[in-house]
Amino acid sequence: MTPSQGKIIIISAPSGCGKSTIIKAIMDRGNVDMKFSVSATNRQPREGETDGVHYHFLSDGEFREAIANDAFVEYEEVYPGRFYGTLKKEVEDRCARGENVVLDIDVKGGVRVKEMYGNRAKSIFIMPPSVEELRRRLESRGTDPKEAIDQRVGKAEFELTFAPRYDTTVVNDNLEEAVDNAEREILEFTSPQA
Ligand code: ADP
Ligand code: 5GP
């Protein structure tokens, strides 16, 4: 018997709003049956990041080759010279096997993927309590130099204007509450009756 197609969960927000933290917490709870779509990027790995787990880390040339080989569902130059792309093998192959996949992608990519997959995708926008708090979180994460933090915060106000284009918004003020709310949305969407 052919398995029914898996569903796509899109999690987007400006950098530092808590996408990775929330996705990891939901996966660790284990209540939702979904796999993480590992994107490709040409940025350098941060400390603690593993190739093939957090991202497929590609050289500039390898990223260009993947574009030429039509390997992406979508890709974006999220920061100047920094490309990120959702790989077909991570999404389409898995959905075809009946697996649900969760995507941590930027706001433009998220809107694009929702347009492509319609009702098969649920798009969730993670909202920070404020832009000032977003800066504090990026600073305390300690993974980016000051210029990168300035760049990310500078872009956040523009990115926040994308929120109304998402199916739903989850405010990440208290982390537990945000995880509960996002998990509930995903459970409702992925339950067989939905
Ligand atoms: P993103 O994946 O959206 O870039 P992260 O998940 O890396 O964001 O979160 C950015 C930083 O903020 C991390 O250091 C994380 O631990 C912290 N953080 C996430 N959610 C909260 C929260 N509700 N309250 C305080 N700190 C948070
Ligand atoms: P970071 O460098 O902090 O890991 O990610 C920077 C931004 O790129 C985040 O907003 C993240 O969601 C986004 N991103 C990660 N993977 C993809 C992808 O495959 N496609 C798009 N469009 N954005 C992505």
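See the structure shown above.
Residues numbered from 1 in each chain as written. Chains lettered and ligands numbered in written order. Predicted model: local features only at pLDDT ≥ 70, side-chain atom pairs only at ≥ 80, totals over all residues. Heavy atoms only, no water.

## Describing the sheet that holds strand E7 (residues 101-104)
The following threshold applies: If DSSP finds at least two bridges between two strands, the strands pair. Runs of E in the DSSP output that reach at least two residues are strands. Runs of H or I that reach at least four are helices, and both are numbered from the N terminus. Residue contacts are defined here by distance: any two heavy atoms, one from each residue, within 4.5 Å place the two residues in contact. Only the stretch in contact is used when a helix axis is fitted, and all axes are lines through C-alpha atoms; the angle between N-to-C directions ranges over 0 to 180 degrees.
In space, the 5 strands of this open sheet follow the order E2-E7-E1-E8-E9, with parallel pairing throughout. The strands lining the two open edges of the sheet, one partner per strand, are strand E2 (35-36) and strand E9 (168-171). For strand E8 (residues 121-127) and E9, the ladder comprises 4 bridges, and the chain directions are parallel. Across the sheet, Ile-124 pairs through a bridge with Thr-168, a residue of E9. On top of the sheet, helix H1 (residues 19-29) reaches strand E1 (8-12), E2, E7 and E8; it is set at about 160 degrees to E7, its chief contact.

## Some remarks on the site of ligand 2
The test is simple: Whether a residue is near a molecule or strand depends on its heavy atoms: it is near if one of them lies within 4 Å of it. Any pair of nitrogen or oxygen atoms within 3.5 Å is treated as a polar contact; in protein, a donor-acceptor pairing is required on top of that, and neighbouring residues in sequence qualify only through side-chain atoms on both sides. Here the accessible surface of atoms and residues is derived via Shrake-Rupley with a 1.4 Å probe, and residues count as covered only by protein chains that are part of the display. Under the scheme applied here, ten amino acids are nonpolar (Ala, Val, Leu, Ile, Met, Phe, Trp, Tyr, Cys and Pro), four are charged (Asp, Glu, Lys and Arg), and all others, including Gly, are polar.
Residues in close proximity to ligand 2 total 19 residues, the closest being Ser-39, Tyr-55, Glu-74, Tyr-84 and Asp-106. Between ligand 2 and Ile-105 there is a distance of 3.5 Å, counted from an oxygen atom to a backbone nitrogen or oxygen. At 2.7 Å, a side-chain N or O of Arg-152 approaches an oxygen atom of ligand 2. Here ligand 2 has 520 Å² of accessible area as a free molecule, and 95% of this is covered by the chains. Elements with a contribution of two residues or more to the shell around ligand 2: strand E5 (72-79) and strand E6 (82-87). Ranked by the residues each element gives to the shell around ligand 2, the list is headed by E5, at 4 residues. Here the residues of the shell around ligand 2 are counted per class, giving 6 nonpolar, 5 polar and 8 charged.

## Looking at the side chain of Asp-104
Quick note on the threshold: Only protein chains enter the area calculation, which uses a 1.4 Å probe; residues under 20% of their type maximum are buried, those over 50% are exposed, and those in between are partly exposed. Neither His nor the chain ends is counted toward charge; the positive residues are Lys and Arg and the negative residues Asp and Glu. Whenever Lys or Arg places a side-chain nitrogen within 4 Å of a carboxyl oxygen from Asp or Glu, that contact is recorded as a salt bridge.
Within the secondary structure layout, Asp-104 lies in strand E7. Look at Asp-104: it is buried, it has no salt bridge, and the nearest opposite charge is Lys-19 at 4.4 Å. In this structure, Asp-104 is in contact with Ile-11, Lys-19, Ser-20, Ile-23, Phe-36 and Ser-39, ignoring residues within four places of it in sequence.

## Concerning the pattern of salt bridges
Per the stated rule, a full pass over the model turns up 22 salt bridges. With its nearest N and O atoms 3.9 Å apart, the salt bridge here joins Arg-94 to Glu-99. A relative accessible area of 22% means that Glu-99 is categorised as partly exposed. In this structure, Asp-150 and Arg-135 form a salt bridge, with 3.0 Å as the shortest nitrogen-oxygen distance. Within this pair, whereas Asp-150 is found in helix H6 (residues 146-160), its partner Arg-135 is found in helix H5 (residues 131-141), the two being separated by 15 residues in sequence. In this structure Asp-150 comes out as partly exposed when scored by relative accessible area, which is 29%. Its relative accessible area of 28% is what places Arg-135 among the partly exposed residues. Among the ionic contacts, a cluster of salt bridges with common partners joins Lys-35, Glu-90, Arg-94, Arg-97 and Glu-99.

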